[in-house]
Number of protein chains: 4
Amino acid sequence: MEGWFAHVVRVRFAETDAQGIAHHASYVVWLEEARVAHLAAVAGGYAAIRERGIEALTTGIELTYERGAVFDDVLTIYIHCAEARGARFRYEYVVERDGERIATGSTRHATVDAVSRRPVRVPDWLLGDLLSGPPAPRS
Amino acid sequence: MEGWFAHVVRVRFAETDAQGIAHHASYVVWLEEARVAHLAAVAGGYAAIRERGIEALTTGIELTYERGAVFDDVLTIYIHCAEARGARFRYEYVVERDGERIATGSTRHATVDAVSRRPVRVPDWLLGDLLSGPPAPRS
Amino acid sequence: MEGWFAHVVRVRFAETDAQGIAHHASYVVWLEEARVAHLAAVAGGYAAIRERGIEALTTGIELTYERGAVFDDVLTIYIHCAEARGARFRYEYVVERDGERIATGSTRHATVDAVSRRPVRVPDWLLGDLLSGPPAPRS
Amino acid sequence: MEGWFAHVVRVRFAETDAQGIAHHASYVVWLEEARVAHLAAVAGGYAAIRERGIEALTTGIELTYERGAVFDDVLTIYIHCAEARGARFRYEYVVERDGERIATGSTRHATVDAVSRRPVRVPDWLLGDLLSGPPAPRS
C-alpha cells in the first residue's frame, strides 16, 4: 500500500450486530474517519477547508465486504485520492486486518462554495498528491 | 399508561449488537424519536418550536434496562412530560413489548433562545399538558 | 416504480449531521430496513429464513446521493430484487421525497448455510419475484 | 482525576447532529469504548471475561451534559469502578475537553453466567481496584 495514507480503527462493541460481526454501515463511518485523518495530514483538516469557504459533500459510496470484522479487531484503513476532475474527486480505500484485506471501497465527493452552494474546482492542496506517490490524474 | 403518549418503533438489525440484543445506546435514539412524535402531536413539531426562535437542548438522560429487546421486536415507547420549571423540563418514558415493561427512562431538557443562547421559559404549548392527563407541576 | 416494494422512513434527528442533512451512512441503515420489510412481505421475514437454516450476508453496497435529506423528512425507499445467480442476489433501491428522487443504490448479498457457512443457492421464495413484476433473471 | 483510568476519543463527523454538536447518544458509545479500554488494561479485556464463562450486561445508564462537543474535538473519558456488590457493579465517568468538564455519567452492570444466564458474583480481577486508588466498597 505504498503511497497510501493509513488510519487505524478498533471495532467498537456498538458497531457489531446480531450476526456477531461489525455491521456493514460501520465501514462507511470508518472510511469517513480515515478521510478526516488524511485531510488533517495533507490539508490542515476540515477546519482549514471551511475557513477557505469551501464545503466538501459526499456524492457516492461503494463498498465490497470480503471478510467480517469482529468486536475489538484492529483495522487499518488505507486511503488515497484516486481522481480529481473539476469540482469532483474520488477516494479509494482498502481495509486490512493483520495484513489481510477484508474490504475495499471508494467514495465520491464534490466541492461547493459554502455560501452560494455552487461547485468550485477542487483545490490542489486538498488532495495531498504528494502523499499519494504517482500524481493522480487531474483535468 | 393512561395520559401518556405512545410511539411505536421496530428494532432495526443495525441496532442489535454481538450479544444478540438491541444495543443500549439504541434506546436513547428511540426516546428521542418518541419525543419528536410527541412534539408533533402536541406542539406542531420541532419546526414550530424553531420558528418561534426557541431551541430545546438535551441536558441529561437516564435509562434502566430490565429485559433485552431483539431484532424486529415491536416496542411501544410511552412518554409524558413529568415536570417543568423555568427553562427546564423533564420527560419520563416506559418501553414495553407485548404489554411487558422492558425499560424505563427519563430525559432532561432546557429551552434557550436560538440566537442569544440564553435560557427562555418553557412555553406551555410545548408541553402538551392536556395530553398528559393530570396537570404537570409548573412553577 | 411499478413492481417495486415501497417502504417509508422518517429521518431521525440522530441521523442528521453538522452539515444539517442526514448523514450518508444513515441511508445504509434505511436500505436494510426496507430489505427487512420486503422480506417480511414476500418471504415471512428473516426469522423464516433462519428457521430454514439459511443466513443472508451483505457482500457489497453502493449509493449515489443526489440531494440531501433533512430532519423529519418522510422518505420512500423503493426496493426490488434485480438479479439472482447461484448463491448470490442483488437488490436495487430508489429513495424518493415527495416524488423526487434523492438517492439510488444497490446491495449485494450471498446466502450461506447457517452452520457450515457454505454457500447455498438462493431460494426462490426469498426473492419474491411475483412482487417485482417481470421475472428477475435467474440462472 | 487521580486513580481514574483515562481514555481518549475524537468526535467523528458521523456523531454530530443538525444542532452542530455531538449527538447525546454518542456519549453512550464513548463510555462503552472507555469501559472496554479500561477492562483491557485491568482484566485482559472482554475476551478474557468471556473465556471464563462470564458475560457483563448493561443494566442502566445516566448522563448529564454540561457543554456541547463539536466535530473533531478530542475528549478524555475518565472512568473508575465506583461500587461492586454481589453480581452488580457500577462505573462513574467524567468527560473532559482541554481540562474542562463537559459531561458526567455512570453505568450499571451485572455479571451473569454465559450459559445459564444466572447472576454470578463480580470477580475481583474484573474491577481493577488497584487502578482506582482507594479500594471500592465491596460486599
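Just above sits the structure.
Presented here is a report on the structure given in the accompanying data block. Bear in mind the structure is a predicted one, so any value in this text is a computation, not a measurement.

### Let's talk about the environment of Tyr78(B)
Residue and element names in this part refer to chain B.
Reasoning step 1: Mapping Tyr78 onto the fold places it in strand β3 (residues 74-85).
Reasoning step 2: Relative accessible area serves as the criterion here: at 17%, Tyr78 is assigned to the buried category.
Reasoning step 3: Between the alpha carbons of Tyr78 and His38 there is a distance of 9.6 Å; along the sequence they are 40 residues apart.
Reasoning step 4: If near-sequence neighbours (up to four positions away) are discounted, Tyr78 is found in contact with Met1, Trp4, Phe5, Ala6, Glu92, Tyr93, Val94 and Glu96.

### A closer look at the relation of the copies chain B and chain D
Reasoning step 1: When chain B is fitted onto chain D, the two copies agree to an RMSD of 0.0 Å after a turn of 180° and an axial shift of 0.0 Å. The superposition operator between the copies reduces to a two-fold rotation axis. The C-alpha atom lying nearest the rotation axis in chain B is that of Glu62(B); the distance is 2.0 Å.
Reasoning step 2: Looking at chain B, 100% of its interface residues are interface residues in chain D too, so the copies touch through the same face.

### Some thoughts on helix α1 (residues 26-43) of chain C
All names here are of chain C.
Reasoning step 1: Between the first and last C-alpha of α1 there are 25 Å, a value that for 18 residues agrees with the 26 Å anticipated at 1.5 Å per step.
Reasoning step 2: When you tally the buried positions in α1, you get 14 out of 18 residues, the bulk of the element.
Reasoning step 3: Directly beyond the C-terminal end of α1, a positive phi value near 80° is found at Gly44.

### Some thoughts on the sheet that holds strand β4 (residues 88-97) of chain D
Reasoning step 1: Spatial strand order, β1(B)-β3(B)-β4(B)-β5(B)-β2(B)-β2(D)-β5(D)-β4(D)-β3(D)-β1(D): 10 strands in an open sheet with antiparallel pairing. Looking at the sheet topology across the chains shown, the edges are occupied by β1 (5-10) of chain B together with β1 (5-10) of chain D. Within this sheet the neighbouring strands show an average axis-to-axis angle of 25°, counted without direction.
Reasoning step 2: Packing against the sheet, helix α1 (residues 26-43) of chain B makes contact with β1, β2 (54-65), β3, β4 (88-97) and β5 (100-113) of chain B, and its axis sits at approximately 135° to β1(B).
Reasoning step 3: Lying on the sheet, helix α1 (residues 26-43) of chain D is in contact with β1, β2 (54-65), β3 (74-85), β4 and β5 (100-113) of chain D; it crosses β1(D) at an angle near 135°.

### Some points on the nonpolar core
Reasoning step 1: Grouped together as the largest cluster of nonpolar side chains are 80 residues, with contacts concentrated most on Tyr27(A), Phe89(A), Tyr27(C) and Phe89(C).
Reasoning step 2: The contact partners of Tyr27(C), leaving out residues within four places of it in the chain, are Ala22(C), Leu63(C), Tyr65(C), Arg67(C), Gly68(C), Ala69(C), Ile102(C) and Ala103(C).
Reasoning step 3: Counting residues in hydrophobic clusters, the runner-up holds 78 residues, among them Tyr46(B), Leu63(B), Tyr93(D) and Ile102(D).

Thresholds, definitions, all that
- Residues numbered from 1 in each chain as written.
- Chains lettered and ligands numbered in written order.
- Predicted model: local features only at pLDDT ≥ 70, side-chain atom pairs only at ≥ 80, totals over all residues.
- Heavy atoms only, no water.
- Helix = DSSP H or I, 4+ residues; strand = E, 2+ residues; numbered from the N terminus.
- Buried < 20%, exposed > 50% of the residue type's maximum accessible area, 1.4 Å probe, protein only.
- Contact = heavy atoms within 4.5 Å.
- Least-squares fit on C-alpha atoms with pLDDT ≥ 70 in both.
- Expected span 1.5 Å × (residues − 1).
- Pairing = 2+ DSSP bridges.
- Axes fitted to C-alpha atoms, helices over the stretch in contact; angles between N-to-C directions.
- Core = buried A, V, L, I, M, F, W, Y, C linked by side-chain atoms within 4.5 Å.

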